[in-house]
Amino acid sequence: MTYCVAMRLNAGLVFLSDSRTNAGVDHINTFRKMAVFEQAGERVLTLLTAGNLSISQSVVTMLRERIADSEGENLFNVPNLFEAARHIGAVLREVYERDADALHEFSIDFNASMILGGQIAGEEQRLFHIYAAGNFIEASDDTPYFQIGESKYGKPIVDRVTRREMTLEQAAKCALVSMDSTIRSNLSVGLPLDLLIYERDSFRVRQHCSITQDNVYFSQIRAQWSQRLRQAFSELPDPDWSTF
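Each value, and the rule that gives it
- Residues numbered from 1 in each chain as written.
- Predicted model: local features only at pLDDT ≥ 70, side-chain atom pairs only at ≥ 80, totals over all residues.
- Heavy atoms only, no water.
- Buried < 20%, exposed > 50% of the residue type's maximum accessible area, 1.4 Å probe, protein only.
- Helix = DSSP H or I, 4+ residues; strand = E, 2+ residues; numbered from the N terminus.
- Pairing = 2+ DSSP bridges.
- Salt bridge = Lys/Arg side-chain N within 4 Å of Asp/Glu carboxyl O.
- Phe/Tyr/Trp six-rings, centres within 6.5 Å; stacked < 30°, edge-to-face > 60°.
- Axes fitted to C-alpha atoms, helices over the stretch in contact; angles between N-to-C directions.
- Contact = heavy atoms within 4.5 Å.
- Core = buried A, V, L, I, M, F, W, Y, C linked by side-chain atoms within 4.5 Å.
- Polar contact = N/O pair within 3.5 Å; in protein donor to acceptor, adjacent residues only side chain to side chain.

Student: Which residues make up the pairing of strand 2 (residues 12–17), and what values go with them?
Tutor: Within strand 2, 6 of the 6 residues are buried, leaving the element largely enclosed by the surrounding structure. By the alternation rule, side chains of strand 2 split into G12, V14 and L16 and L13, F15 and S17, which are all buried. Bridge count between strand 1 (residues 3–8) and strand 2: 5 bridges; the pairing is antiparallel. Bridge pairing in strand 2 links A6 to F15. What sits between strand 1 and strand 2 in their antiparallel hairpin is a turn of 3 residues.

Shown next as structure tokens:
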């Protein structure tokens, strides 16, 4: 399993993903869930993936192969983000047509979910959630973020905090706290993390870093968040049973 979150803000876009795909007492695998497609000065697209690893890897490989081929439609020549999402959905359906029956014979569901975000010159930045069937929805002003994978543990902080007016630094902090909540509650999500920050209308990645267990800032906010939660809890009034 995995957890990915992406936010579309007035200031830009923030993406965060973990890298754990399988967890058990003696079996843990690590694979990156973030793919970046960048033409500096013209477009930046970021794709987050969750679900069956073989499916998502096939999709990303096919997307890169079509860019390298340069003859047909690909992520470097589509005119806008809507068409980029449609292109990824079409590739996802190709993988389904090729592999779904074989997976079904082994009682394996065709499970894939993706988040695509970025900006292409000539239009505003956009964010899409792409489903296993290749269909997709777009983030709105009311809901400026998407989560995929093991999202339930990190959802409360994102729901309560995320606003389009946030700075990119605040959004990154929110995403990291959301990830920490997920890691603490689910062994199938874990370090290292991939964090990418895109500044609106820059058409280049502003920051892309890998966060490991030795990262000082992540360790600091994990400790402080736990401490402040316990403090806030202790300051809440005890129930007055006479009012119930």
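Student: Help me get a handle on the pattern of salt bridges, residues and values and all.
Tutor: Where charged atoms from two side chains of opposite charge come close, those side chains can pair. Throughout the structure, instances matching the rule amount to 17 salt bridges. The salt bridge partner of R32 is D194, with a shortest N-O separation of 3.3 Å. Here R32 is found in the loop between strand 4 (29–30) and strand 5 (34–39), whereas its partner D194 is found in strand 11 (residues 193–199), with 162 residues between them in sequence. Classification of R32 as partly exposed rests on a relative accessible area of 44%. Close ionic contact of R126 with E123 constitutes a salt bridge, the shortest N to O distance being 3.1 Å. Through salt bridges that share partners, R8, D141 and R164 make up one connected network.

Student: So what's going on with the packing of aromatic side chains? Which residues, and what values?
Tutor: Counted under the stated rule, the structure contains 4 aromatic pairs. On the numbers, 5.6 Å between centres and 85 degrees between planes, the contact of F128 with F136 is edge-to-face. The exposure class assigned to F136 is partly exposed, which follows from its relative accessible area of 22%. Cluster of aromatic residues (ring-pair linked, three or more members): F82, F128 and F136.

Student: Summarise the sheet that holds strand 12 (residues 205–211); cite the residues concerned and give the values.
Tutor: Pairing in this open sheet of 5 strands is antiparallel, and the strands run 10-1-2-11-12 from one edge to the other. The open sheet has two edge strands with one neighbour each: strand 10 (145–149) and strand 12. Going from strand to strand, the sheet's axes swing by 10 degrees on average, the running direction of each strand aside. As paired strands, strand 11 and strand 12 are joined by 6 bridges and run antiparallel to one another. Its bridge partner lying in strand 12, L196 is registered against H208.

Student: Describe the environment of L191, listing the residues and the values that go with them.
Tutor: Here L191 is to be found in the loop between helix 4 (168–185) and strand 11. In contact with L191, other than residues within four places in its own chain, are S19, I183, I211, T212, Q213, F218 and R222.

Student: Go over the nonpolar core with me, naming the residues and quoting the values.
Tutor: Core analysis: the largest hydrophobic core is formed by 28 residues, its most contacted members being L47, I88 and L116. When residues of this core are traced back to their parent elements, those giving at least two are strand 5, strand 6 (43–51), helix 1 (53–69), helix 2 (81–105), strand 7 (112–120) and strand 8 (126–130).

Student: Give a description of the side chain of T182 that names residues and reports values.
Tutor: Note on placement: T182 falls in helix 4. In this structure the side chain of T182 is engaged in a polar contact, spanning 3.0 Å, whose partner is the backbone oxygen of S178. When sequence neighbours within four positions are dropped, the list of residues in contact with T182 reads Y3, E150, Y153, G154 and V189.

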